[in-house]
Amino acid sequence: MEFPWESITKEYYDLSLCHIIDDEFDPRPLITDLRKVEEHYPFLQHPTSYSNGGFMVLPLRNNTGSYYISNKNNFDAPTSDRGMGYTEVAGLTNWTIPYVESFNIKFYQVRYFGLRPGGIITHHADYPKDESARKIARINIPLRTNNKSFIRLGHETHQLHLGKVYWVESHVPHCSINMGDEFRVILAIDFDFYGFMNSKYSPTGLLEERMEMGKRSRQAAVDFAKTGKFILPSFGE
């Protein structure tokens, strides 16, 4: 079955939906940070029952002058695990903060995405509902993965591999599944869309075309959701 938005993303065949921006990345320092955070905040052990996946917002002070604090997290953990402070977590992420800042691009949010074995994150699009709202460019860095973990972006299916850094077109409808036996963890960084797309890391493609693709495909997903005919795509393609 082809979803309505997949036929739309196919129209933009010259635009990549997943682009490797670093294929020789050493993830070990960021994995060290992840392990330190997990010792204090075992968010992976408390994923939400709704999505079978949990995310943890790192309360880092970003270069817009804002904090993202733990009340944005969706993991079902005890209150003591939610009440983390900026100074404490910053002390656990010795490598992550400098890495994010090394892009020298305005960023909005940094999160760990955890997906349990057998977990599914259903179709959604990160295209803003309000045209005046900020638009993001998302970077995904696998920190723990397996060969049975997939992401579906529009009409494309991808595996994200350890040791690589990916830009993903999160404005189009996408979903994830982990059919492996281990948790999948990704560090996701949301950069300012226009800042990123005008940087050296940008994939090919005109900004206007990308925004139109995101807007059209998201609306197709919204309309399809009203039919109640949700079926998972084939991830084995």
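The following refers to the structure shown. In this text, all values refer to a predicted model and were calculated from it rather than measured experimentally.

**Comments concerning the overall build of the chain**
Thought 1: Tallying secondary structure elements over the chain gives 7 helices and 10 strands in all.
Thought 2: Taken across its 237 residues, the chain has 52% of its residues classed as buried.
Thought 3: Long-range pairs, those at least 24 residues apart, make up 79% of the contacts in the chain with a sequence separation of at least 6.
Thought 4: Of the roughly 11200 Å² of accessible surface on the chain, a fraction of 50% belongs to carbon and sulfur atoms.

**A word on the sheet that holds strand E7 (residues 156–158)**
Thought 1: Here we have 4 strands laid out as an open sheet, ordered E4-E9-E6-E7, and antiparallel in their pairing. Only two strands of the sheet have a single neighbouring strand rather than two, namely strand E4 (120–124) and E7. Direction aside, neighbouring strands of the sheet carry axes that sit 15 degrees apart on average.
Thought 2: Where strand E6 (residues 149–153) lies against strand E9 (residues 174–178), 5 bridges are found, and the strand directions are antiparallel. When the sheet's bridge partners are listed, Phe-150 is paired in E9 with Ile-177.

**A short note on helix H7 (residues 207–225)**
Thought 1: Helix length check: H7 (19 residues) gives 27 Å between terminal C-alpha atoms against 27 Å at 1.5 Å per residue, within 8%.
Thought 2: Those residues of H7 lying buried are Leu-207, Arg-210, Met-211, Met-213, Gly-214, Ser-217, Arg-218, Ala-220, Ala-221 and Phe-224.
Thought 3: Along its buried surface, H7 packs onto helix H1 (4–11), strand E8 (165–168) and helix H6 (193–197).

**Side note on the environment of Pro-117**
Thought 1: Within the secondary structure, Pro-117 is located in the loop between strand E3 (107–115) and E4.
Thought 2: Given the relative accessible area of 34%, Pro-117 is considered partly exposed.
Thought 3: Put simply, Pro-117 and Ser-149 are 32 residues apart on the chain and 9.0 Å apart in space, counted from C-alpha to C-alpha.
Thought 4: Those residues in contact with Pro-117 that sit more than four places away from it in its chain are Asn-178, Gly-180, Asp-181, Glu-182 and Phe-183.

**Quick notes on H1**
Thought 1: Burial in H1 covers these residues: Trp-5, Glu-6, Ile-8 and Thr-9. All buried residues of H1 fall inside an arc of 160 degrees around its axis, so they share one side.

**A closer look at the pattern of salt bridges**
Any two side chains of opposite charge can pair if their charged atoms end up close together.
Thought 1: For the coordinates displayed, the defined rule picks out 6 salt bridges.
Thought 2: Note that Arg-138 and Asp-126 form a salt bridge whose closest N and O atoms lie 2.9 Å from each other. Of this pair, Arg-138 sits in strand E5 (residues 136–144) while Asp-126 sits in the loop between E4 and E5, and the two are 12 residues apart along the sequence.
Thought 3: Judged by its relative accessible area of 24%, Asp-126 is partly exposed.

**Overview of unusual backbone geometry**
Thought 1: Phi at Asn-104 is positive, roughly 60 degrees, even though this residue is not glycine.
Thought 2: On the secondary structure map, Asn-104 appears in the loop between helix H5 (96–102) and E3.
Thought 3: On the basis of relative accessible area, Asn-104 is assigned to the exposed category, the value being 71%.

Rules used in this analysis
- Residues numbered from 1 in each chain as written.
- Predicted model: local features only at pLDDT ≥ 70, side-chain atom pairs only at ≥ 80, totals over all residues.
- Heavy atoms only, no water.
- Helix = DSSP H or I, 4+ residues; strand = E, 2+ residues; numbered from the N terminus.
- Buried < 20%, exposed > 50% of the residue type's maximum accessible area, 1.4 Å probe, protein only.
- Contact = heavy atoms within 4.5 Å.
- Areas by Shrake-Rupley, 256 points an atom, 1.4 Å probe, with all protein chains shown as cover.
- Pairing = 2+ DSSP bridges.
- Axes fitted to C-alpha atoms, helices over the stretch in contact; angles between N-to-C directions.
- Expected span 1.5 Å × (residues − 1).
- Arc of directions from axis to C-beta.
- Salt bridge = Lys/Arg side-chain N within 4 Å of Asp/Glu carboxyl O.

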